[in-house]
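Each chain, written out:
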Amino acid sequence: SAGLRPVESVTFLEVLSFLDLLNGQNREFIGFKGQWRLPTEAEWEYVAKAGSSTRWSFGNKDSELDAHGWHAGNSGATTREVGSKKANPWGFYDLHGLIYEMTQDTWVSSHEHHDGTQASVSRVDSNHIVAKGGSWFTESDSTRSSSRRKIGRDDRRDGIGLRLVWEPVEPTS
């Protein structure tokens, strides 16, 4: 069913507009005031690795990827249903393959100037952002936890989408 597939074929700018609407409607969730947003690249990778130091959260063996993610070798050339592969050790699904997931980070070619925090990298002179996770149309190497892709702020492709983060700010009174 199409309703069980990930949101994709949206641009970064459309996602920002959606987040503005979402955050304008309700600032409370699970007893906290806060905001919905895209993850930073560092946050996304931290969750994808789930405490591992291997190529994928499940290890280094390419042969085990089919059990954990949709990629060019097993997707049948289309997006697939969310949550139909094994979760990572922390219970998150679809971090290796299925769709590239947008982050808040502006694209920079290396991490040599990163400050080592979970904060996003932001440059006003760039029209590109970082997407993570690989997709149903990429080879297995692109689905590694540390793999990254440069996408334009106005790129719209079936295989680029989003995963939202809820950031609590303060408890509701």
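Sequence positions are assigned chain by chain, starting from 1 and proceeding in written order. Residues qualify for local features only when their pLDDT is at least 70, as the model is predicted, and side-chain atom pairs are given and counted only at 80 or more; totals for whole chains, interfaces and linings, by contrast, use all residues. Each side-chain value is derived from all of the structure's non-hydrogen atoms; neither hydrogens nor water enter the calculation.

## A closer look at the overall build of the protein
Then step 1. Regarding its fold elements, the protein presents 2 helices and 7 strands.
Then step 2. Helix and strand labels come from DSSP, where a helix needs a run of H or I of at least four residues and a strand needs a run of E of at least two; each type is numbered from the N terminus. Counting from the amino terminus, helix and strand elements in the protein follow one another as α-β-β-α-β-β-β-β-β.
Then step 3. Note that the radius of gyration is over C-alpha atoms, with the globule rule given as 2.2 Å times the number of residues to the power 0.38. Relative to the 2.2 N^0.38 estimate, which gives 16 Å for 173 residues, the radius of gyration of the protein is 16 Å and therefore close to what a compact globule would have.
Then step 4. The Shrake-Rupley method, run with a 1.4 Å probe sphere, supplies the accessible areas, and residue values consider only the shown protein chains as cover. Entry remark: accessible area of the protein is about 9,200 Å², with carbon and sulfur atoms responsible for 51%.
Then step 5. We score Asp and Glu as negative and Lys and Arg as positive, and we do not count His or the chain ends. Charge positions are represented by NZ for Lys, CZ for Arg, CG for Asp and CD for Glu. Charge-centre separation for the protein: the mean point of 20 positive side chains lies 3 Å from the mean point of 24 negative side chains.

## A few points about unusual backbone geometry
Negative phi characterises most residues that are not glycine, and trans characterises most peptide bonds.
Then step 1. Notably, Ser 9 is not glycine yet its phi reads approximately 60°, a positive angle.
Then step 2. Mapped onto the fold, Ser 9 is located in the segment before α1 (12-25).
Then step 3. Each residue's exposure class comes from its accessible area (1.4 Å probe, protein chains only) as a fraction of the maximum for that residue type: buried when under 20%, exposed when over 50%, partly exposed otherwise. Overall, the relative accessible area of 27% leaves Ser 9 in the partly exposed class.

## Describing the layout of surface pockets
Then step 1. Buried and open spaces are told apart on a 1 Å grid over the protein atoms alone, a cavity being a set of points where a 1.4 Å probe fits but cannot get out and a pocket being an open set with protein on both sides within 12 Å along at least five of seven lines. Residues with an atom within 4 Å of a point are the lining residues. Grid points are joined across faces, edges and corners, and a volume is the space filled by probe spheres set on the points. Taken as a whole, the largest pocket spans an internal volume of roughly 200 Å³.
Then step 2. Around the largest pocket sit Arg 37, Pro 39, Glu 43, Trp 44, Tyr 46, Val 47, Phe 92, Leu 95, Gln 118, Arg 163, Leu 164 and Val 165, which together line it.
Then step 3. Here the lining of the largest pocket takes 4 residues from helix α2 (residues 41-49), the largest share from any one element.
Then step 4. Residue lining of the second largest pocket: Glu 41, Ala 42, Glu 45, Tyr 46, Lys 49, Asp 105, His 111, His 114 and Gln 118, and that is the complete set.
Then step 5. In terms of residues, the lining of the second largest pocket owes the most to one element, α2, which gives 5 residues.
Then step 6. In this count, Pro and Cys sit with the nonpolar residues alongside Ala, Val, Leu, Ile, Met, Phe, Trp and Tyr, while Asp, Glu, Lys and Arg are called charged and the others, Gly among them, polar. Of the residues assigned to the lining of the second largest pocket, the class counts are 2 nonpolar, 3 polar and 4 charged.

## A short note on the nonpolar core
Then step 1. Core analysis: the biggest nonpolar cluster contains 12 residues, these being Val 10, Phe 12, Val 15, Leu 19, Leu 38, Tyr 100, Met 102, Ile 129, Ala 131, Ile 151, Ile 160 and Leu 162.
Then step 2. Broken down by element, the residue count for this core peaks at 3 residues, all from α1.
Then step 3. What makes two residues a contact is simply this: any of their non-hydrogen atoms within 4.5 Å. Ignoring sequence-local partners within four residues, the contact set of Phe 12 consists of Leu 38, Met 102, Thr 103, Ile 129 and Arg 153. Working definition of a nonpolar core: buried Ala, Val, Leu, Ile, Met, Phe, Trp, Tyr and Cys residues. They are joined through side-chain atoms within 4.5 Å.

## Some details on α2
Then step 1. For α2, the set of buried residues is Glu 41, Trp 44, Glu 45 and Ala 48. Along the axis of α2, the buried residues cluster in a sector spanning 95°; they form a single face.
Then step 2. One or two steps after α2, the chain reaches Ala 50, where phi turns positive at roughly 50°. This arc corresponds to the set of directions leading from the helix axis out to the C-beta atoms.

## Comments concerning the environment of Phe 92
Then step 1. Position of Phe 92 relative to the elements: it lies in the loop between α2 and β3 (100-106).
Then step 2. Residues Phe 92 and Gln 118, 26 residues apart in the sequence, show an inter-C-alpha distance of 19 Å.
Then step 3. Residues contacting Phe 92, with those up to four places away along its chain left out, are Val 47, Ala 87 and Arg 163.

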